[in-house]
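So you can see what is in the structure, the chains are spelled out below.
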Amino acid sequence: MVTYSRYYQSGRRFVLEISDATEYLAQQPDYIRITQVRARWELTKLSDGEVFVVYTAFADVGGACQIGWQISLL
């Protein structure tokens, strides 16, 4: 997976966005590359000194990966 990240801040909110950048590097033989990926971190500073965090992500391995490796991580 090759990704591009950008961040910005607006008031009490900090946002980090991650997207695929597949075209940046050539694919290497014998490696599976995830070409569709998006993620977003959004951190909002609350008035009581705490931080509210929202994380969303999407990745499509395109059927090139067996499900067993995911289960073993649980």
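Residues numbered from 1 in each chain as written. Predicted model: local features only at pLDDT ≥ 70, side-chain atom pairs only at ≥ 80, totals over all residues. Heavy atoms only, no water.

**Describing the sheet that holds strand 2 (residues 13-20)**
Read from one edge of the open sheet, four strands run 1-2-3-4, paired in antiparallel fashion. Only two strands of the sheet have a single partner each, and these edge strands are strand 1 (3-10) and strand 4 (51-60). When the angles between neighbouring strand axes are averaged without regard to direction, this sheet yields 10°. Two strands pair when backbone bridges link them, and strand 1 and strand 2 are joined in this way by eight bridges, in the antiparallel orientation. (Pairing = 2+ DSSP bridges. Helix = DSSP H or I, 4+ residues; strand = E, 2+ residues; numbered from the N terminus. Axes fitted to C-alpha atoms, helices over the stretch in contact; angles between N-to-C directions.)

**A look at the packing of aromatic side chains**
Taken as a whole, this structure holds two aromatic pairs when the rule is applied. Summarising the aromatic geometry, the rings of tryptophan 41 and tyrosine 55 are spaced 4.3 Å apart at their centres and angled 40° between planes, so their arrangement reads as tilted. Here tryptophan 41, found in strand 3 (residues 36-45), pairs with tyrosine 55, found in strand 4; they are 14 residues apart in sequence, far enough to count as distant. The partly exposed category is assigned to tryptophan 41, whose relative accessible area is 35%. Since its relative accessible area comes to 46%, tyrosine 55 is described here as partly exposed. (Phe/Tyr/Trp six-rings, centres within 6.5 Å; stacked < 30°, edge-to-face > 60°. Buried < 20%, exposed > 50% of the residue type's maximum accessible area, 1.4 Å probe, protein only.)

Everything listed here is a matter of geometry and, on its own, says nothing about what the molecule does.
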